[in-house]
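Topology and contacts: notes
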Amino acid sequence: MRMKGTLMRMKGTLMRTTMDDLTERISIVYHARTRDSCGNIVDGEDEVRCMVWAKVYPYGARIQEGVERMNQVDYRVVVRYRTDILPDDEVLWRGKRLRMIKPAYDAESARTWTVLECQEVLADGAAT
């Protein structure tokens, strides 16, 4: 499809997303767990599962008053279809660490886009 002299690759219809809209580079990381010599599970370092191009939508924010003030920002991250993203993975984007709040799902059941619903939690203005 040609639009005003540029080639625009149409694939899927999720929020009118095209391949050209995937402009943010993100890393999907997981916390590696290893076993010691006795067979006990010990924590390891964060390891990168994959680096992909994505479109990031901030879509909600909450402020919760109480003993400790908690600010929370919700994001919807759209990437090309993938099946290797697990619910306990995290997204690194622009120096922010986004925690997944739902398992990744196939948008529109068309195997075109995978949607990650994530959350960045800020406590008193500092990211946690």
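Note that the structure is predicted; figures quoted are calculated from it, not measured.

**Thoughts on the side chain of Glu24**
On the secondary structure map, Glu24 appears in strand β3 (residues 24–35). Look at Glu24 and you get buried, because its relative accessible area is 18%. Polar contacts involving the side chain of Glu24 include one to the side chain of Arg94, which spans 2.8 Å. Setting aside chain neighbours within four positions, we find Glu24 in contact with Val52, Trp53, Ala54, Val56, Trp93 and Arg94.

**As for the nonpolar core**
Generally speaking, nonpolar side chains in soluble globular proteins are found buried as a group. Counting residues in hydrophobic clusters, the biggest one holds 17 residues, and the most contacted among them are Ile26, Val77 and Leu116. Apart from the residues lying within four places of it in its own chain, the contact partners of Val77 are Ile26, Ala54, Lys55, Val56, Thr114, Val115, Leu116 and Cys118.

**Some thoughts on unusual backbone geometry**
Here the phi dihedral of Arg94 falls at roughly 50°; this positive angle occurs in a residue that is not glycine. For Arg94, the location among the structural elements is in the loop between β6 (90–93) and β7 (96–100). The phi dihedral of Arg111 falls on the positive side, at around 55°, and the residue is not glycine. Its location among the elements puts Arg111 in the loop between β8 (105–107) and β9 (113–123).

**Digging into the pairing of β7**
The pairing of β6 with β7 spans four bridges and is antiparallel. Looking across to β7, one finds that Trp93 is bridged to Lys96. Counted along the chain from β6 to the antiparallel partner β7, the turn is two residues long, and its residue Arg94 has a positive phi close to 50°.

**Notes on the side chain of Gln119**
Mapped onto the elements of the fold, Gln119 is located in strand β9. A polar contact of 3.4 Å, which involves the side chain of Gln119, links it to the side chain of Asp74. One polar contact links Gln119 to Arg99, side chain to side chain, over a distance of 2.8 Å.

**A short note on the environment of Ala54**
With respect to the element layout, Ala54 can be found in strand β4 (residues 41–64). With a relative accessible area of 0%, Ala54 lands in the buried category. Between the C-alpha atoms of Ala54 and Val78, which are 24 residues apart in sequence, the distance is 5.5 Å.

**Examining the pattern of salt bridges**
Under the defined criterion, the tally for this structure stands at eight salt bridges. When the shortest N-O distance is used, the salt bridge between Glu90 and Arg97 registers 3.0 Å. Residue Glu90 is classed as partly exposed on the basis of its relative accessible area of 22%. Each of the salt bridges in this network shares a partner with another, and the network as a whole consists of Asp46, Glu90 and Arg97.

**So, the confidence of the model for the protein chain**
When pLDDT is averaged along the protein chain, the result is 78, and 73% of the positions lie at 70 or above. Here strand β2 (residues 6–7) stands out as the least confident element of the protein chain, with mean pLDDT 46; β6 is the most confident, with 92. With pLDDT under 50 throughout, residues 5–10 is counted as low confidence; its partners more than four residues away or in other chains account for 13 contacts.

The rules behind these values
Residues numbered from 1 in each chain as written. Predicted model: local features only at pLDDT ≥ 70, side-chain atom pairs only at ≥ 80, totals over all residues. Heavy atoms only, no water. Helix = DSSP H or I, 4+ residues; strand = E, 2+ residues; numbered from the N terminus. Buried < 20%, exposed > 50% of the residue type's maximum accessible area, 1.4 Å probe, protein only. Polar contact = N/O pair within 3.5 Å; in protein donor to acceptor, adjacent residues only side chain to side chain. Contact = heavy atoms within 4.5 Å. Core = buried A, V, L, I, M, F, W, Y, C linked by side-chain atoms within 4.5 Å. Pairing = 2+ DSSP bridges. Salt bridge = Lys/Arg side-chain N within 4 Å of Asp/Glu carboxyl O. pLDDT = per-residue confidence, 0-100.

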